[in-house]
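Below are the chains, spelled out letter by letter.
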Amino acid sequence: LLLGCIADDLTGATDLALMLTRAGMRTVQVMQVPEAGSQLDGFDAVVVALKTRTCPVEEAVDLSLRSAEALLALGAKQIFFKYCSTFDSTDKGNIGPVAEALMDRLGADLALACPAFPTNKRTVYMGNLFVGDLPLAESPMKDHPLTPMRDSNLVRVLQRQTKLKVGLVPFSEVDKGAAAITAAFEAAKARGERFVIVDAITDKHLVDMGTAADGMRLITGGSGVALGLPANFIRAKLMRATAAPAKLAAPKGRTAIISGSCSEATRGQVKRAIDAGVPVFQIDPFAIDRGSDSSRKIADWAIAQPAGKPVLVYSSADPESVRAVQAKLGREIAGSLVERELADVTEKLVAAGFSRLIVAGGETSGAVVNGLGVLALEIGPEIDPGVPWTRSIGGTSLALALKSGNFGAPDFFLKAWDRLA
Ligand code: ADP
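Just so you know, these numbers come straight off a predicted model, no measurement behind them.

Undergrad: What's the story with helix 12 (residues 319-329) in this structure? I'm lost.
TA: Since one α-helical turn is 3.6 residues long, residues separated by three or four positions face the same way. Those residues of helix 12 that sit buried are Val322, Val325, Gln326 and Leu329. For helix 12, the angular spread of the buried residues around the axis is 95°, confining them to a single face. Opposite the packed face of helix 12, turned more than 90 degrees from it, sit the exposed residues Glu320, Ala327 and Lys328. Elements that come into contact with the buried residues of helix 12 comprise helix 10 (285-290) and helix 13 (331-351). Remark: Gly330 follows helix 12 within two positions and exhibits a positive phi of approximately 95°.

So, in structure tokens, the structure goes:
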């Protein structure tokens, strides 16, 4: 194993696994901390998908450290801690505390931090994260149900989460190329900085950052940073590039779209699917709470729909409705209530022969896939940037498209379905 990756949510893990696959690494994604003796030989990269973005800090740290231990035992030369390209976190964490703990374990003196993903319009300039043309704190991320982002300056955001000193490698240096970035890393160490936010506006910046990160024990960031990493291993003759798969052999069966993401992008995709005549069931969190929308009732509704089309079950709602639900039920309780419901519905659909699942939302995907007991994923072709079709390894054969809330074009659901049809 060359690159050991720990992702703080499932769709982020898939996004990273796709990036590595496309850059030529033989990559597998696993859903849990690998146990000793796991059959993970023959891969260049292993991505461990955790669900630690919003869990209690101690749990996030513990699971991340256990993952690192397992990856090191498999021979990993470099550890990549992957978080969201919108830096989803709160002042308590979990990005800072997890990164700090990994750094300690690895004996790293400096780790870079960069969520940039220009293809998906996430760029970092002077430490400020932009989502499209808006600073993070003015983007729809300000209203995220679990991790509302109200400060765009990542040096400040990360500094609130760690006692270690956070610095910046600014655009002026990044733009000069890999050697200048390497020099900036050295200068940061001399200033006593342990984390550096690195600016990046284009893929070239990410590739150069990757080159400069050769030999860095710990890397943290979005999947974009992975663009430049495989080349380091190829240059060092530790691996040869493998062509990414162009197709996925999907199991036969019906398709369900399950959406628990409330992001603007997902709400647009839901609307597009409704407009296209996909049968839909909208879940009302209050109805789940009252017990009037049982997962059995929803699954039976889905099973009764015409078999030739996908069905859409969603709880996605606008910020105002989400606020009303959270005010009444509490943020975390509302979140887990909806996640559990969607997971239960999906389990029943799979039992009834649905085998192609398109799931929107990081937390939602985590709940659904855990509910199904999927243990590992093989990465297939890309549907939209950051989102591949995948296939479960072991157990019931399922095709899964797991989409981070913010990702995908407006026609994502239909496109994903078409791709397998
Ligand atoms: P994203 O990838 O967009 O962040 P997630 O699935 O990670 O999506 O997070 C969305 C969270 O919002 C989940 O915990 C989900 O259960 C919760 N949620 C979904 N629908 C609603 C709703 N209508 N009201 C309140 N919370 C909701």
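Undergrad: Where do I start with the sheet that holds strand 7 (residues 128-131) in this structure?
TA: What holds strands together in a sheet is hydrogen bonding between their backbones, with the strands either parallel or antiparallel. Read across the open sheet, the three strands follow the order 6-7-8; overall the sheet is antiparallel. Of all the strands in the sheet, just strand 6 (122-125) and strand 8 (134-135) have a single pairing partner and so form its edges.

Undergrad: Explain the packing of aromatic side chains here, please?
TA: Geometrically, a pair of aromatic rings is defined through the distance of the ring centres and the angle of the planes. Using the criterion set out here, one finds six aromatic pairs in the structure. A ring pair is formed by Phe81 and Tyr83, whose centres lie 5.5 Å apart and whose planes are at 75°; its orientation type is edge-to-face. Measuring from centroid to centroid gives 5.6 Å for Phe281 and Trp301, while their planes differ by 65°, and the two rings are edge-to-face. Note that Phe281 is positioned in strand 13 (residues 280-282) and Trp301 in helix 11 (residues 295-303), a separation of 20 residues in sequence.

Undergrad: What is the right way to read the site of the ligand from this model?
TA: In the vicinity of the ligand there are 21 residues, among which His144, Ser261, Glu339, Glu363 and Thr364 approach most closely. In this structure, His144 approaches the ligand through a side-chain N or O atom, which is 2.5 Å from an oxygen atom. At 2.9 Å from an oxygen atom of the ligand is found a main-chain nitrogen or oxygen belonging to Gly405. Its free accessible area being 570 Å², the ligand has 96% of it covered by the protein chains. For the shell around the ligand, the elements supplying multiple residues, two or more each, are helix 12, helix 13 and helix 14 (362-372). Tallied by class, the residues present in the shell around the ligand amount to eight nonpolar, eleven polar and two charged.

Undergrad: Honestly, the environment of Leu342 in this entry has me stumped. Any pointers?
TA: In this structure, Leu342 sits in helix 13. Put simply, Leu342 and Ala23 are 319 residues apart on the chain and 34 Å apart in space, counted from C-alpha to C-alpha. Apart from residues lying up to four places away in sequence, Leu342 is in contact with Ile258, Ser259, Gly260, Ile283, Val313, Ser315, Thr364 and Val368.

The rules we used
- Residues numbered from 1 in each chain as written.
- Predicted model: local features only at pLDDT ≥ 70, side-chain atom pairs only at ≥ 80, totals over all residues.
- Heavy atoms only, no water.
- Buried < 20%, exposed > 50% of the residue type's maximum accessible area, 1.4 Å probe, protein only.
- Helix = DSSP H or I, 4+ residues; strand = E, 2+ residues; numbered from the N terminus.
- Arc of directions from axis to C-beta.
- Contact = heavy atoms within 4.5 Å.
- Pairing = 2+ DSSP bridges.
- Phe/Tyr/Trp six-rings, centres within 6.5 Å; stacked < 30°, edge-to-face > 60°.
- Near = heavy atom within 4 Å.
- Polar contact = N/O pair within 3.5 Å; in protein donor to acceptor, adjacent residues only side chain to side chain.
- Areas by Shrake-Rupley, 256 points an atom, 1.4 Å probe, with all protein chains shown as cover.
- Nonpolar A, V, L, I, M, F, W, Y, C, P; charged D, E, K, R; others polar.

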